[in-house]
Amino acid sequence: MDKINFRFLFIISAILGVFLILYGEWQDTHMEVRYTDVDYLVFSDAAALMASGKSPYERSTYRYSPLIAALLLPNSFLHHMWGKFLFSASDLLVGLLIHTILKLRGVPEKLCTSSLMVWLFNPFTFTIGTRGNCEPIVCAVILWIILCLMNDQLVQAAFWYGLVHLRIYPIIYALPITLVLHPLHFQSGKKPALVDWSSRKLMSLNGSSKLRFTVLQFIRNFLTSIFTWRGLVFGFVSGSIFFILTGLCFYFYGWDFLDEALLYHLTRTDPRHNFSIYFYHIYLHYEQEFSSLEKLISFLPQFIVQLALIFRFAYDLPFCFFVQTLTFVAFNKVITAQYFVWFFCLLPLILPWSNMKLT
Amino acid sequence: MMVPPKTPIWMISPAMTSPNPHCSLCYILQSKQGARFQRYAMEVQHFQVQLYLAIGFGLIFLVMSSNAMPTTHEEQKCFGEKYVTKTYFKIHDSLIDSQFEEFIANKIPLGLCDVHQDERYFVPRLLAMHRNLIGVGSHRQLSSSIRIKMQGESKSKLPAQSCQVIIIEKLPSGGFADPFELQHLVHRGVFTDVAVLGDTNLELPSFRSNRSVVEIHLDMGYNMSSGVKDELKINLRLPLHARYAPLGHGFSKVEFGQPDLLMRCSFEGKAFDGSCSFMLKNDDVDYKASPIIWEVPCGIKEHAGVVSAVTFLSAIVSALLIVKTSIYHSHNTIF
């Protein structure tokens, strides 16, 4: 009964995805407003340029890694919907990973299914993949990293973390992962002491828990955890993968790649996407250049919040990732609609622990 | 508070003594150290997937880099002749109306047809041109309806084989055309050819952008020697987008001037064989009285101080609230 439930959800989700992709084709040809995202056309054009041997950065507004254009190469010779099917498949993969992680943490079946539906049947998330946005792939990688850390596969997790080359934002997870890898919490051969479902009831009875530390111990743990063997291995492997990928792309595409794919995102202050709280401020001051002091001040709230959340919640890794991503997006100078998917994929991981009635 | 004892990394846990049947390297090492190597060997095997992925991507990159196709000089030359405006931008850096008028009058590639000297061609004449800005919001369409008289006065004049109407829209810096959208229209057959030249950036506001030019080619596509049609009617819709305007009060006005119309015809006959362009002048005075104006909303400069203060205040207050909540959050509950 339990297995059928999950498989049933999966199949319905897959059918919905296929239906939406086909519907998208119809809407593109028959209506004024297109279903397909502009970004998908940018990816396809860049992939077509890459297929004919030129640089994908000749396509203006292509601001991603060449790897994404490489993933969409079959768009040119197979079918132009290949990319959408790939992204929808990663959407389903994210669902599968969420289910695996929840089962690993011992969450009861019904709660697991309800939490899974928050991702699979959320109209925001299933349209992102079918419209041709590449976010589900990044989400799948992040969840896979969490799963690897839970299964004590350190090098594997580090390898996939190196794919921060695709999107810069997972760099905010570096510190909590390093803290979690401290031997106190991550004994080799055993699974890390993430909050398990069964220990949830015990926590309220037992006043003191493993997770409670004084400030001094926090600082000591932090300093020692950076230099543990496991932390160093993680840093080394992920750093090498990142630099190898970046170096390879730089070798092929030069400064165009660095400017568009990496540096643009770090210094981006465009006033055209108006979800951010800083939007109108940037728009009104666009004619003048921003002073370094202004840039620092706008960066400060984000930085302080990230540090506070890491130090308080690092040992409950999924929850830490979720609040970090949410606050990172909320305080960012630029927010586009696809950024919301970054924390939507982590929401099902923490929903079972909320006090809301879900079943 | 109980702190669990540290388990040294080299101690085996009972679950790891039996070798994993999926790990081929594991049978070799059975000692205490062996268990540790066994785990790392398993990780190496997990790595195989990543290795294959990396090799795959590497191969793709190699293939792509070796496939580079050089553009021939001939193509560039043809491109320069195909689009009239391209030649203008080879000579000048930016679009200035007076320079462009002079260029159109004197320096068009393929040349203006020698109408006065030879009297051998028919002369197309512009009868009427009506222009309008359709739509609302930041994305509108510039619609032009053009009527051209095709038949010559006397039958002795040489009829053209095929003609192409060239419309050159000189856009102000407050608006732009998306080249990719226009290419899409070419694929759907709405235009024969389109080129956007000048400052084609899609994102910068108008005070950081320069002007651009859109050149549209429309094939008339009929053989005029059988000469049935007297008049050509063209209805054109050019999708345009507004750039962010400089700060001001309320709305800023973006003015669209008149396009330059050319007709490029190819002739075949005993007397003359080749192509040349006719300049279609609009003698209608109407357009000067009511130019097309697009009102683009702009931000109000006086608000800047208040907006900045409120923005930074709310950012700092919410940041402090979050920090306070996380510090004082009870340790017994998760959330």
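Residues numbered from 1 in each chain as written. Chains lettered and ligands numbered in written order. Predicted model: local features only at pLDDT ≥ 70, side-chain atom pairs only at ≥ 80, totals over all residues. Heavy atoms only, no water.

Caption draft 1: Representation of the packing of aromatic side chains within the structure. Scanning all chains against the criterion turns up 39 aromatic pairs over all chains. Summarising the aromatic geometry, the rings of A:Phe250 and A:Trp255 are spaced 5.3 Å apart at their centres and angled 85° between planes, so their arrangement reads as edge-to-face. Since its relative accessible area comes to 31%, A:Phe250 is described here as partly exposed. Its relative accessible area of 56% is what places A:Trp255 among the exposed residues. An aromatic cluster of three or more residues is present, and its members are A:Phe43, A:Tyr57, A:Tyr62, A:Tyr64, A:Phe87, A:Tyr251, A:Phe252, A:Tyr253 and A:Phe257. In this structure, A:Arg59 is placed above the aromatic ring of B:Phe180, and the distance from its NZ or CZ to the ring centre is 3.3 Å. Here the basic side chain of A:Arg105 rests over the ring of A:Trp353, its NZ or CZ set 4.2 Å away from the ring centre. (Phe/Tyr/Trp six-rings, centres within 6.5 Å; stacked < 30°, edge-to-face > 60°. Buried < 20%, exposed > 50% of the residue type's maximum accessible area, 1.4 Å probe, protein only. Lys NZ or Arg CZ within 6 Å of the ring centre and 35° of its normal.)

Caption draft 2: Representation of the pairing of strand β3 (residues 162-171) of chain B. Residue and element names in this part refer to chain B. Judged by how many residues are buried, β3 sits mostly within the fold: nine of ten residues are covered. Pairing of β3 with strand β9 (residues 260-267) involves seven bridges; the strand directions are antiparallel. By the bridge assignment for β9, Ile168 is matched with Asp260. Bridging between β3 and strand β6 (residues 212-219) involves eight bridges; their strand directions are antiparallel. Its bridge partner being in β6, Lys170 is matched across the sheet by Val213. (Helix = DSSP H or I, 4+ residues; strand = E, 2+ residues; numbered from the N terminus. Pairing = 2+ DSSP bridges.)

Caption draft 3: Quick look at the nonpolar core. Counting 95 residues, the largest nonpolar core has A:Tyr62, A:Leu143, A:Tyr173, A:Ile177 and A:Leu346 as its most contacted members. When residues of this core are assigned to their parent elements, the largest contribution, 13 residues, is made by helix α8 (residues 135-150) of chain A. Discounting residues that sit within four places of it in the chain, A:Tyr173 has contacts with A:Ile142, A:Tyr161, A:Phe321, A:Gln324, A:Thr325 and A:Leu346. Of all hydrophobic cores here, the second largest spans 43 residues; its members include B:Ile146, B:Leu182, B:Val186 and B:Val254. (Core = buried A, V, L, I, M, F, W, Y, C linked by side-chain atoms within 4.5 Å. Contact = heavy atoms within 4.5 Å.)

Caption draft 4: Geometry of the sheet that holds strand β7 (residues 231-242) of chain B. Residues and elements named next belong to chain B. Strand order across the open sheet formed by four strands is β1-β2-β7-β4, with antiparallel pairing between neighbours. The open sheet has two edge strands, β1 (125-134) and β4 (175-176), and neither has a second partner. Where strand β2 (residues 139-149) and β7 come together, eleven bridges link them in antiparallel fashion. Counted as the bridge partner of His139 is His241 from β7.

Caption draft 5: View of the side chain of A:Thr246. Residues and elements named next belong to chain A. Its location among the elements puts Thr246 in helix α13 (residues 229-266). The exposure class assigned to Thr246 is buried, which follows from its relative accessible area of 9%. A polar side-chain atom of Thr246 sits 3.4 Å from a polar atom in the side chain of His165. With sequence-adjacent residues up to four places away left out, Thr246 is seen in contact with His165, Phe257, Leu258 and Leu262. (Polar contact = N/O pair within 3.5 Å; in protein donor to acceptor, adjacent residues only side chain to side chain.)

Caption draft 6: Just helix α3 (residues 84-91) of chain B, in detail. When we look at burial in α3(B), the residues that qualify are B:Val84, B:Thr85, B:Tyr88 and B:Phe89. Summarising the axial view, the buried residues of α3(B) lie within an arc of 130°, below the 170-degree limit, and thus occupy one face. (Arc of directions from axis to C-beta.)

Caption draft 7: Region of the structure containing helix α7 (residues 123-130) of chain A. Within the sequence span of α7(A), burial applies to A:Thr125, A:Phe126, A:Ile128, A:Gly129 and A:Thr130. Looking one or two residues beyond α7(A), the residue adopting positive phi is A:Gly132, at roughly 100°.

Caption draft 8: Spotlight on the side chain of A:His99. Within the secondary structure layout, A:His99 lies in helix α5 (residues 82-104). Excluding anything up to four places from it in sequence, A:His99 contacts A:Phe6, A:Glu109, A:Cys112 and A:Leu116.

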